[in-house]
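# Fold and contact review
So the chains spell out like this:
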Amino acid sequence: MRAQLFYERARSLLRPTSATTAATVAVVIAVAGSAVQAQPPEIPSFTDGHGLTLVDSEAHSSTDFTITVTTAQLSGQHKIRVFLPAGYTTAPDKQWPVAYFLHGGAGNPDDAAAAPALRSDSMITVAPDGGLKGWYADWVMQDTALGAANWETFHTDQVVPFIDANLRTRTDRHHRAVIGLSMGGFGSLHYAQSRPDLFGHVATLSGGIDFGLAEIRAVVLATELNLPGLPCSSVPAGPCPDYGPYVDSDAIFGSPYPFFNADRVWKAVDPAAPANLAKLADTAITLYTGNQGLVDHFTAIATTTVENRLNALGIPHRAVNYEDGSTLAPTCDGGHNYGCWAPAIADYVPRLEAAFAAAS
């Protein structure tokens, strides 16, 4: 519309009196029109608050943008990618449900683009930075090479209210979900347990959700130590990055060894612990996993443990073990990758949208 008005105004002001002049005007209009069309997409403006300071923003489109923030809870700058519904601008009085997407280890907020179903016209999707190995936790050690590392506080006490303050969101738990995969699968279930006041819906995909498994503890330790050869198929595109600088093996959750209660932090945050699962009695729970490959072999065991304990507690849930992936999608081999997670999210999002609509 702005381009059309510009063209009409240009024609009224520059009345050609010859073919040469007409050609000149045509060139001026074409160049100016290109400039109008090249204007960056308009995105919502954000105001600092809740401990976050906005330092940059980048518009990928009018419904897809990234903001960069700083916080005393974390060292450095951190990105938050946001997908808005197509009708966000044209329905200025409408408030929208929100889904938070937590990426996997060695990943970043842009990984959300690998799951197209997250671009929903029924909800806002927010993908905050979770660090290469943040594990969605407030670290026991704050003096490592990574400095301040209070990821849980950043997400639940800062990002959520910051988004609510700057976008038109539905702020009750029935209209807010947390979805995570791999490392983020731990994060999503842990956040739903630690903050049931915030999240009424949770989905975990191939998550490290049973800290009672030595193999899952070993993966956490391997990311802390940045050991070579770690699986990083949680990243949608190569090359495989590393997990950042070496930190102490006790940095995130303290000692992992179950002697003299040294592993008390691991036990306290273990998503599979019955006491923590009991906190999900009023939460809509969905669990996805394959069972192929070294990693999903163990995420399948962890998911089965969680499912069995939810059954024992009488807590409703939906569990999908797509095994080798043949029943899920042609792209899925049952392993730890977006070939499985993207179609699993595509299966989940319509169900979440329906639940949001029913809650309204």
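Cut-offs and rules
- Residues numbered from 1 in each chain as written.
- Predicted model: local features only at pLDDT ≥ 70, side-chain atom pairs only at ≥ 80, totals over all residues.
- Heavy atoms only, no water.
- Helix = DSSP H or I, 4+ residues; strand = E, 2+ residues; numbered from the N terminus.
- Buried < 20%, exposed > 50% of the residue type's maximum accessible area, 1.4 Å probe, protein only.
- Contact = heavy atoms within 4.5 Å.
- Areas by Shrake-Rupley, 256 points an atom, 1.4 Å probe, with all protein chains shown as cover.
- Pairing = 2+ DSSP bridges.
- Axes fitted to C-alpha atoms, helices over the stretch in contact; angles between N-to-C directions.
- Disulfide = S-S within 2.5 Å.
- 1 Å grid on protein atoms, 1.4 Å probe; cavity = no way out; pocket = protein on both sides within 12 Å on 5 of 7 lines; lining within 4 Å.
- Points joined across faces, edges and corners; volume = space filled by probe spheres on them.
- Nonpolar A, V, L, I, M, F, W, Y, C, P; charged D, E, K, R; others polar.

### Some words on the overall build of the protein chain
Of the regular secondary structure elements, the protein chain holds nine helices and nine strands. Taken over 360 residues, the protein chain has a buried fraction of 50%. Intrachain contacts of the protein chain at a sequence separation of at least 6 include 67% that bridge at least 24 residues. When the accessible surface of the protein chain is totalled, it reaches about 15500 Å², and 56% of it is carbon and sulfur.

### As for the sheet that holds strand 7 (residues 201–205)
Taken in spatial order, the nine strands of this open sheet run 1-2-3-5-4-6-7-8-9, and their pairing is mixed. Here the strands that pair on one side only, and so sit at the sheet edges, are strand 1 (53–61) and strand 9 (318–323). Strand-to-strand twist of the sheet, defined as the mean angle between neighbouring strand axes without regard to direction, takes the value 15°. Bridge count between strand 8 (residues 284–290) and strand 9: five bridges; the pairing is parallel. Among the inter-strand pairings, Gly290 is bridged to a residue of strand 9, identified as Glu323. Of the strands in this sheet, strand 2 (64–71), strand 3 (74–83), strand 4 (98–102), strand 5 (124–128) and strand 6 (176–181) touch helix 3 (residues 151–166), which is tilted by about 45° from strand 3. In the packing of helix 8 (residues 293–313) onto the sheet, contacts are made with strand 8 and strand 9, and the angle to strand 8 comes to roughly 150°.

### Concerning unusual backbone geometry
Here the phi dihedral of His50 falls at roughly 55°; this positive angle occurs in a residue that is not glycine. Note that His50 resides in the loop between helix 2 (19–37) and strand 1. According to the relative accessible area criterion, His50 is partly exposed, its value standing at 43%. Even without a glycine there, the phi angle at Asn261 is positive, about 60°.

### Observations regarding the state of the cysteines
Evaluation of the coordinates by the stated rule reveals one disulfide. One disulfide in the model links Cys332 with Cys340; its S-S distance is 2.0 Å. One quick way to see it: the torsion about the S-S bond of Cys332 and Cys340 is about 95°, and its sign makes the bridge right-handed. Here Cys332 matches Cys340 in class, with each residue buried.

### Brief notes about empty space enclosed by the protein
In the structure shown here, the tally under the stated rule is one cavity of 30 Å³ or more. Lining the largest cavity are Tyr100, Leu102, Pro128, His155, Thr156, Val159, Val160, Tyr191 and Phe199. Within the residue set of the lining of the largest cavity, elements represented by two or more residues are strand 4 and helix 3. For the lining of the largest cavity, the element with the highest residue contribution is helix 3, accounting for four residues. By residue class, the composition of the lining of the largest cavity is seven nonpolar, two polar and no charged.

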